[in-house]
Amino acid sequence: HFFEWTHLRIDGAEFPATVLLARMEIEGKTFLQATVRDITVQKRAENSLRRSKEFNELVLNSMHDAISIIDVRDFSIVGVNKTFLDQFGLTEKEVIGKTCYGVTHHRACPCAPPEDPCPIDEILKTGQPATFEHKHFGKDGEPRYVEVTGSPIRNDEGEVIQIVHVAKDITERKRAAEAL
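Within every chain, residues take consecutive numbers counted from 1 along the sequence as written. Under the rules for a predicted model, residues below a pLDDT of 70 receive no local features and side-chain atom pairs below 80 are neither given nor counted, while totals for whole chains, interfaces and linings still include all residues. The side-chain figures draw on all heavy atoms in the structure; neither hydrogens nor water molecules are used.

*Asks:* Sorry, what's going on with the overall build of the protein chain here?
*Replies:* We count a stretch as a helix when DSSP gives it H or I for four or more residues in a row; a strand needs E for two or more, and each element gets its number in order from the N terminus. If you tally the helices and strands in the protein chain, you get six helices and eight strands. From first element to last, N terminus to C terminus, the protein chain shows the α and β order β-β-β-α-β-β-α-α-α-α-β-β-β-α. What the globule rule says is 2.2 Å times the number of residues to the power 0.38, and the radius of gyration is computed from C-alpha atoms. In summary, the protein chain has a C-alpha radius of gyration of 25 Å against a globular reference of 16 Å for 180 residues, an excess of more than 25%. If you line up the protein chain on its principal axes, its C-alpha atoms span 90 × 30 × 30 Å. Should any heavy atoms of two residues lie within 4.5 Å, those residues are considered in contact. Looking at the protein chain alone, contacts between residues at least 24 apart form 34% of all its contacts between residues at least 6 apart. Note on areas: Shrake-Rupley with a 1.4 Å probe; residue coverage comes only from the protein chains shown. Here the protein chain has roughly 11900 Å² of accessible surface; of this, 55% comes from carbon and sulfur atoms.

Written out as structure tokens, the structure reads:
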């Protein structure tokens, strides 16, 4: 059996530990061997990682703009913030793993210039952030005008592997300009 529990040091201080129990037979007698491993450092690292993840989610979900993280290999969405889900009227399950152009443009293929320039293509060409105006569509098909800024996320070798895609809703501004 293997489990975690809080163990006591000789001085009475508690520490997190894993315990591995093994039954052994020696000369016809049954013994129980317990191997206790201090996992204080591991637990601190896990807690730090959890706090960091919670902080990142809090920051992203506090943003008023729709944010998505897109894998450049297949244009699949790997993460979104709450504003993104609210703006499109979708759930994470309906978005994660789907293509950005399928979710935001209701298209079967990636955006293509000159009508719909793709920030991902531009970033892959230049390695630099790119900003374009786009028309996105919510779940109900209602068009929303957005200013999209894509920024590269690089791996340790400097290769662009994902894009942070920030869509600022400019629908009201666009409609006001058209009305003038």
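*Asks:* Explain the packing of aromatic side chains here, please?
*Replies:* Here the distance between the centres and the angle between the planes together describe a pair of aromatic rings. For Phe, Tyr and Trp, rings pair up if their centres lie within 6.5 Å, where Trp contributes its six-membered ring, and each pair is then called stacked (planes under 30 degrees apart), edge-to-face (over 60) or tilted (otherwise). Going through the model one piece at a time under the given rule, you end up with three aromatic pairs. For the pair Phe-84 and Phe-88, a centre-to-centre distance of 4.6 Å together with 40 degrees between the ring planes defines the contact as tilted. Of this pair, Phe-84 and Phe-88 both sit in helix α2 (residues 82–88), separated by four residues, roughly a single helical turn.

*Asks:* What is the right way to look at the nonpolar core in this model?
*Replies:* Note on soluble globular proteins: their nonpolar side chains tend to be buried together. The definition of a nonpolar core used throughout is a set of buried Ala, Val, Leu, Ile, Met, Phe, Trp, Tyr and Cys residues joined through side-chain atoms within 4.5 Å. Buried means the residue's accessible area, taken with a 1.4 Å probe over protein chains only, is under 20% of the maximum for its type, while exposed means over 50%, and partly exposed covers the values in between. The biggest cluster of nonpolar side chains holds 24 residues, and the ones touching the most others in it are Ile-77, Phe-84, Val-95, Cys-100 and Ile-120. Of all the elements in the fold, those that place two or more residues in this core are β4 (66–71), β5 (77–80), α2, α4 (100–105), α5 (119–126), β7 (143–154) and β8 (160–169). For Ile-120, the contacting residues outside a window of four places in its chain are Ile-70, Val-72, Phe-75, Cys-100 and Ile-163.

*Asks:* Hey, could you run me through the environment of Ile-69 in this one?
*Replies:* Positionally, Ile-69 belongs in strand β4. Sequence-distant contacts of Ile-69, defined by excluding residues within four places in its chain, comprise Ser-76, Ile-77, Val-78, Gly-79, Ile-153, Gln-162, Ile-163 and Val-164.

*Asks:* What exactly am I supposed to notice about unusual backbone geometry here?
*Replies:* Residues other than glycine predominantly adopt negative phi, and peptide bonds predominantly adopt the trans conformation. Not every positive phi belongs to a glycine, and Phe-75 is a case in point at roughly 65 degrees. Here Phe-75 is to be found in the loop between β4 and β5.

*Asks:* Is there a simple way to think about the sheet that holds strand β3 (residues 29–38) in this case?
*Replies:* Strand pairing in a sheet relies on backbone hydrogen bonds, with the paired strands running either antiparallel or parallel. In space, the three strands of this open sheet follow the order β1-β2-β3, with antiparallel pairing throughout. Pairing within the sheet leaves two strands with one partner each, and these edge strands are β1 (2–8) and β3. The mean inter-strand angle of the sheet, taken between neighbouring strand axes irrespective of direction, is 40 degrees. The criterion for strand pairing is that DSSP finds at least two bridges linking the strands in question. Looking at chain direction, β1 and strand β2 (residues 14–26) are connected through seven bridges and run antiparallel. Counted as the bridge partner of Phe-3 is Val-19 from β2. Contacting β1, β2 and β3, helix α1 (residues 40–62) crosses the sheet at an angle of about 130 degrees to β2. To get an axis, fit a line to the C-alpha atoms, keeping to the stretch in contact for a helix; angles then go from 0 to 180 degrees between the N-to-C directions.

*Asks:* Even after reading the chapter, I still don't get a nonpolar patch on the surface, so can you show me in this structure?
*Replies:* Without a salt bridge and with relative accessible area above 30%, a residue can belong to a patch; like charges are then joined within 9 Å and nonpolar side chains (Val, Leu, Ile, Met, Phe, Trp, Tyr) within 5 Å. The salt bridge definition used is simple: a Lys or Arg side-chain nitrogen within 4 Å of an Asp or Glu carboxyl oxygen. On the surface, a nonpolar cluster with roughly 340 Å² of combined accessible area is contributed by Phe-55, Val-59, Leu-60 and Met-63. Judged by relative accessible area, Phe-55 falls into the exposed class, the value being 53%.

*Asks:* Explanation requested: α5 in the structure shown.
*Replies:* Buried within α5 we find Pro-119, Ile-120 and Ile-123. For α5, the angular spread of buried residues about the axis comes to 100 degrees, placing them on one side. Its buried side turned inward, α5 meets β4, α4, β6 (130–137), β7 and β8. A positive backbone phi angle near 80 degrees is found at Gly-127, which sits one or two residues after α5. Taking the helix axis as origin, the arc is that swept by the directions to the C-beta atoms.

Coordinates in, geometry out; function isn't part of it.
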